[in-house]
Amino acid sequence: MTYDLWYIKETVTCNVTADRDLPVSCGVSGWSGVYTEVSVWNAGLSGRLCVEHVLPVTCGWELDIRFDPAIDRLDIWRGTVTTTTTDGSANIFRVVNKNYNFELTNNPECFDFNGYKSYNHGPKVWGRFARLLTGRVNQGMLDLYLNTYSGDGTYYGEGQEGTCTYHQTEFPAVGLSNEIDALAALNYVSWHNSKACGMCFKVTGKGVGAGNDPLNGEYIVFVKDLCPGCGEPGSVDFALNGDGRWDIEIQAVQCPVANNKLQYSFQGSNPWYLKLQVSNYRLPPNEVSIKKNGVWRTMTKTSDGYWTLNDGVEMTNTLDIPVRVTAINGEQLEDTIPQLVEE
């Protein structure tokens, strides 16, 4: 387990209270955040550790809380507590999520706790946090969430048609959400061979440019198409009726899927050839695998927003098909597709 994450350095801050607080100092090597010393701690200690994150945590996670000197017991309200021993004293408590799908969506996400031990001088407290990632990370696509990019905002008319071919199946529910201001075509620099299909971007404009319909303010757009003529990494072509070319900045954001589940659609598929579309996600998939005849098979991404498997072997398990989706940040989800729909 590493606490220096591949692409996000989680920050843990501490707010520990007792009879009175003393000055706050920095933590120790390998631990994030700060600690607070307390003067008298006759019965116990109450406190709060908060995790600040760039992207919400939708995978498994672990939070370590370190006390110096050690305490006897730790109670916490969000997670299951276990004790780890380092130097012979149980001074590190590990908190793990009770449920793999227990998400940390607030920023910061805070954990209240009580500690038990009697001291003449209170303990120092640190925290560290790690996501339990199991898949490969696509750093190039993650950068779209961590940075802003400049480009042109243009218009090319209304419609659900596009390179992602959502119009040929059930259009993703998130793309029709009231929180989406417009459908859009994305520039080819950020396209990543259609892995950008189904992503959401925050577009910011200040009305600078030329034309009759300025882009001014913030817009959340849903990617359903490729703009082959958009050469800047911050360019977006709005699927709206309008006029002009406007200076904009874009940054990827998680799509507001709420409680909606992933959507799966087959196209031109049969037991020998699978062509699968996955949609309605917060973060786009980096890999998709199907469990075929008891063996996991990695599918290939196509330019029209699908994933294919063509290994020449007949698929015998055409009902309740296991599927594994790995998001661009390495988080994995295993799900079940009810049946193979042949076309």
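Residues numbered from 1 in each chain as written. Predicted model: local features only at pLDDT ≥ 70, side-chain atom pairs only at ≥ 80, totals over all residues. Heavy atoms only, no water.

### Describing the state of the cysteines
Within this structure, the stated rule accounts for three disulfides. What pairs with C164 in a disulfide is C197, and their sulfur atoms sit 2.0 Å apart. An S-S torsion of about -90° defines the bridge between C164 and C197 as left-handed. Of this pair, C164 sits in the loop between strand 11 (149-155) and strand 12 (182-187) while C197 is found in the loop between strand 12 and strand 13 (200-210), placing the two residues 33 residues apart along the sequence. The pair C164 / C197 is uniform in exposure class, with both members buried. (Disulfide = S-S within 2.5 Å. Helix = DSSP H or I, 4+ residues; strand = E, 2+ residues; numbered from the N terminus. Buried < 20%, exposed > 50% of the residue type's maximum accessible area, 1.4 Å probe, protein only.)

### Re the sheet that holds strand 24 (residues 332-339)
Read across the open sheet, the four strands follow the order 20-19-23-24; overall the sheet is antiparallel. This sheet does not close on itself; its edge strands, each paired only once, are strand 20 (295-298) and strand 24. Neighbouring strand axes in the sheet, compared pairwise and without regard to direction, differ in orientation by 30° on average. Relative to strand 24, strand 23 (residues 319-327) runs antiparallel, the two being bridged by seven bridges. Counted as the bridge partner of T326 is Q332 from strand 24. (Pairing = 2+ DSSP bridges. Axes fitted to C-alpha atoms, helices over the stretch in contact; angles between N-to-C directions.)

### Notes on the sheet that holds strand 11
If you trace the six strands once around the closed barrel, you get 11-15-12-14-13-16, paired in mixed fashion. The sheet shows a mean angle of 45° between the axes of neighbouring strands, direction not considered. Where strand 11 lies against strand 16 (residues 245-253), five bridges are found, and the strand directions are antiparallel. By the bridge assignment, Y149 is partnered in strand 16 with I250. Each of strand 11, strand 13 and strand 16 is contacted by helix 1 (residues 139-146), which is oriented at about 115° to strand 16, the strand it contacts most. (Contact = heavy atoms within 4.5 Å.)

### Quick notes on the packing of aromatic side chains
Aromatic rings in a pair are described by how distant their centres are and how their planes are angled relative to each other. On inspection of all chains with the given rule, the structure shows five aromatic pairs. Relative to F238, the ring of Y219 has its centre 5.7 Å away and its plane inclined at 80°; by these criteria the two rings are edge-to-face. Here Y219 is found in strand 14 (residues 216-227), whereas its partner F238 is found in strand 15 (residues 236-238), with 19 residues between them in sequence. Exposure remark for F238: the relative accessible area of 1% places this residue in the buried category. Aromatic rings pair up to connect Y155, Y219 and F238 into one cluster. (Phe/Tyr/Trp six-rings, centres within 6.5 Å; stacked < 30°, edge-to-face > 60°.)

### Looking at the pattern of salt bridges
Tallied over the full model, the rule gives four salt bridges. For R245, the salt bridge is made with D152, and the minimal N-O distance between the two is 3.3 Å. In this pair, R245 sits in strand 16 while D152 sits in strand 11, placing the two residues 93 residues apart along the sequence. Owing to a relative accessible area of 24%, D152 belongs among the partly exposed residues under this scheme. A salt bridge links D304 to K275; the nearest nitrogen and oxygen atoms lie 2.9 Å apart. Residue D304 is found in the loop between strand 21 (300-301) and strand 22 (307-309), and its partner K275 is found in strand 18 (residues 274-279); the two are separated by 29 residues along the sequence. Owing to a relative accessible area of 12%, K275 belongs among the buried residues under this scheme. (Salt bridge = Lys/Arg side-chain N within 4 Å of Asp/Glu carboxyl O.)

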